[in-house]
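Single-letter residue listing:
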Amino acid sequence: MAYLDGGIPPVEEVRPGIWSIPVPMHGPLRYVYVYALVLDDGALLLDAGPGDDAAFSALEAGLATAGLSFDAIRGVLFTHGHLDHYGLAQRVKEASGAWTAMHEAEAIELDVRAYRDFGASLEGTLREFGVGDEERTAMMDVWSRTFASSRGFPPPDRFVGDGRRFDVAGGTLVAVLTPGHAPGHLCFVHEEAGVVFTGDHVLSLTTPNVGISPGSSGSPLADYMTALERVVPYGDLLGLPGHEDPMPVGPRALELLDHHEERLAEAASAIGDGHLTVRSVAERMTWTSPWSAYGPFDWMMAMREAYAHLIVLEARGTLTREHGHPHTWAHR
Ligand SMILES: [Zn+2]
Ligand SMILES: [Zn+2]
């Protein structure tokens, strides 16, 4: 029931007192789930949706289906600060008077200056990747149009640390720090209800995007793989993701770990075949569409991802890097 026909799933009470409300968004994922958790005196939301009118209306209608309204919302917890999840934060806050909260490391996602600084360093990074002048100019243009210009949202009212607990209907919600897709990504576990809210950390069909971004550590893929191992022990608890379909969380996390081991092997073999720069390795790796069908945005995303894999191989001692112009990679 992946709704691949272009439809959007219905509003549903997935567990007593836990509602999933799909909200439309632009792009191939098509919708993002907002979850409403009933409290003794109202409800808590997990994520809010993208910041446009269509999303706001869908959320309002979804809350009504669940017998709720914005007045009932006491607080909004965010899995991470990406705009498909955080974009509506301010409007929901204004409509409800609720507090908003996410992990401290996600605040950078909203920070125009951090994005500008990252953009300033990006040009040099693309040179290190081996990207030629014309392609680099196109990528920098896409960067400033699609990323840097869309920041500047107000920060949340509160920060949520790893292990923080919240009382909800039928039990306790526990925050679990799972960086990688985003530096301060949180999953939320509700053991009594048998569910884990996985945000974009674990998705049922696609592999979440992982790569260098403002605020990411030196090795976002290493962080991501460690964070996948953190959710494997939840086994067959139902993963309720930010997009796509619910799935048993542990087995899917193991699949994603296997997937990245295969990608690591693919990147290593590209280096063995003489593809020595990030640009060239990325072009050689397998993506959902052929490289030639992509444009500057997708090439940039692919290179971030390829680079994240090379850093892990470097840390494992499989590869070494020559810090020339551009950086070149070789088997040790
Ligand atoms: Zn995301
Ligand atoms: Zn998302």
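Thresholds, definitions, all that
- Residues numbered from 1 in each chain as written.
- Chains lettered and ligands numbered in written order.
- Predicted model: local features only at pLDDT ≥ 70, side-chain atom pairs only at ≥ 80, totals over all residues.
- Heavy atoms only, no water.
- Helix = DSSP H or I, 4+ residues; strand = E, 2+ residues; numbered from the N terminus.
- Buried < 20%, exposed > 50% of the residue type's maximum accessible area, 1.4 Å probe, protein only.
- Contact = heavy atoms within 4.5 Å.
- Areas by Shrake-Rupley, 256 points an atom, 1.4 Å probe, with all protein chains shown as cover.
- Polar contact = N/O pair within 3.5 Å; in protein donor to acceptor, adjacent residues only side chain to side chain.
- Phe/Tyr/Trp six-rings, centres within 6.5 Å; stacked < 30°, edge-to-face > 60°.
- Lys NZ or Arg CZ within 6 Å of the ring centre and 35° of its normal.
- Donors = N, O, S within 2.8 Å, 3.2 Å for Na, K, Ca; no water.
- Tetrahedral: all angles 85-135°; square planar, octahedral: opposite > 155°, others 65-115°.
- Axes fitted to C-alpha atoms, helices over the stretch in contact; angles between N-to-C directions.
- Parallel < 35°, antiparallel > 145°, perpendicular 65-115°, else oblique.
- Left-handed = near helix turned anticlockwise from the far one by under 90°.
- Pairing = 2+ DSSP bridges.
- Salt bridge = Lys/Arg side-chain N within 4 Å of Asp/Glu carboxyl O.

A. Geometry of the overall build of the protein. Summing up its helical and strand segments, the protein has nine helices and 15 strands in all. Scored against the burial criterion, the 332 residues of the protein give a buried share of 54%. Partitioning the intrachain contacts of the protein with sequence separation of at least 6 by distance along the chain shows that 62% fall at a separation of at least 24. Counting only carbon and sulfur atoms, one obtains 53% of the accessible surface of the protein, whose full area is about 13700 Å².

B. Expanded view of the side chain of Thr277. If you trace the backbone, Thr277 turns up in the loop between α7 (249-272) and α8 (278-284). Reaching out from Thr277, the side chain makes a polar contact with the backbone nitrogen of Ser280 at a distance of 3.1 Å. Residue contacts for Thr277: discarding those within four places in its chain leaves Phe129, Gly130, Pro326, His327, Thr328 and Trp329.

C. Spotlight on the packing of aromatic side chains. Inspection of every chain in the model, using the stated rule, returns 10 aromatic pairs. Sitting over the ring of Phe56, Arg91 keeps its end group 4.2 Å from the ring centre. Sitting over the face of the ring of Trp287, Arg263 holds its NZ or CZ atom 4.5 Å from the ring centroid.

D. Spatial organisation of unusual backbone geometry. In this chain, His325 is followed by Pro326 through a cis amide linkage whose omega measures -5°. Within the secondary structure layout, Pro326 lies in the loop between β14 (319-322) and β15 (328-331). With phi around 65°, Asp47 is a residue other than glycine that occupies positive phi space. Unusually for a residue other than glycine, Glu244 sits at a positive phi of about 65°. When you line up the elements, Glu244 lands in the loop between β12 (238-241) and β13 (247-248).

E. A look at the coordination of the zinc ion (ligand 1). His80 (NE2), His82 (ND1), His181 (NE2) and Asp200 (OD) make up the full set of protein donors to the zinc ion (ligand 1), lying at 2.1 to 2.3 Å. Taken in sequence order, the residues that donate to the zinc ion (ligand 1) follow the motif H-x1-H-x98-H-x18-D. Between the zinc ion (ligand 1) and the zinc ion (ligand 2), a spacing of 3.6 Å is present, and a bridge between the two is formed by Asp200. Remark: Asp200 occurs in the loop between β11 (195-199) and α6 (220-231) and His181 occurs in the loop between β9 (171-177) and β10 (186-190); sequence separation between them is 19 residues. Under the relative-accessibility criterion, His181 is labelled buried at 12%.

F. Quick look at the coordination of the zinc ion (ligand 2). Only Asp84 (OD), His85 (NE2), Asp200 (OD) and His243 (NE2) from the protein coordinate the zinc ion (ligand 2), and they sit 2.1 to 2.2 Å from it. Every donor counted, the four donor atoms about the zinc ion (ligand 2) form angles of 90 to 150° at the centre, which fits irregular coordination. Written as a sequence motif, the donor arrangement for the zinc ion (ligand 2) is D-H-x114-D-x42-H. Since its relative accessible area comes to 15%, Asp84 is described here as buried.

G. Geometry of the environment of His331. Structurally, the position occupied by His331 is in strand β15. Since its relative accessible area comes to 39%, His331 is described here as partly exposed. For the pair formed by His331 and Leu313, sequence separation is 18 residues and the distance between their alpha carbons is 9.4 Å. Side-chain polar atoms of His331 contact the backbone oxygen of Ala268, separated by 2.7 Å.

H. Representation of the packing of α6 against α7 in the model. Packing of α6 against α7 leaves a shortest axis separation of 8 Å and a crossing angle of 155°. Classified by the angle their axes make, α6 and α7 are roughly antiparallel. The handedness of the crossing between α6 and α7 is left-handed. Contact residues: Leu221, Tyr224, Met225, Leu228, Glu229 and Val231 in α6; Val249, Gly250, Ala253, Leu256, Leu257, His260, Glu261 and Leu264 in α7.

I. Expanded view of the sheet that holds β11. Pairing is mixed in the open sheet, where six strands are placed in the order β8-β9-β10-β11-β12-β13. This sheet does not close on itself; its edge strands, each paired only once, are β8 (165-168) and β13. Across four bridges, the pairing between β11 and β12 is parallel. Bridged to Val195 within β12 is Leu238.

J. Region of the structure containing the pattern of salt bridges. Overall, the coordinates contain 14 salt bridges when judged by the stated rule. As a salt-bridge pair, Arg136 and Glu123 come within 3.5 Å of each other at their nearest N and O atoms. In this pair, Arg136 is assigned in helix α5 (residues 133-147) and Glu123 in helix α4 (residues 112-129), connecting sequence segments 13 residues apart. What emerges from the salt-bridge pattern is a single network uniting Glu123, Asp133 and Arg136.

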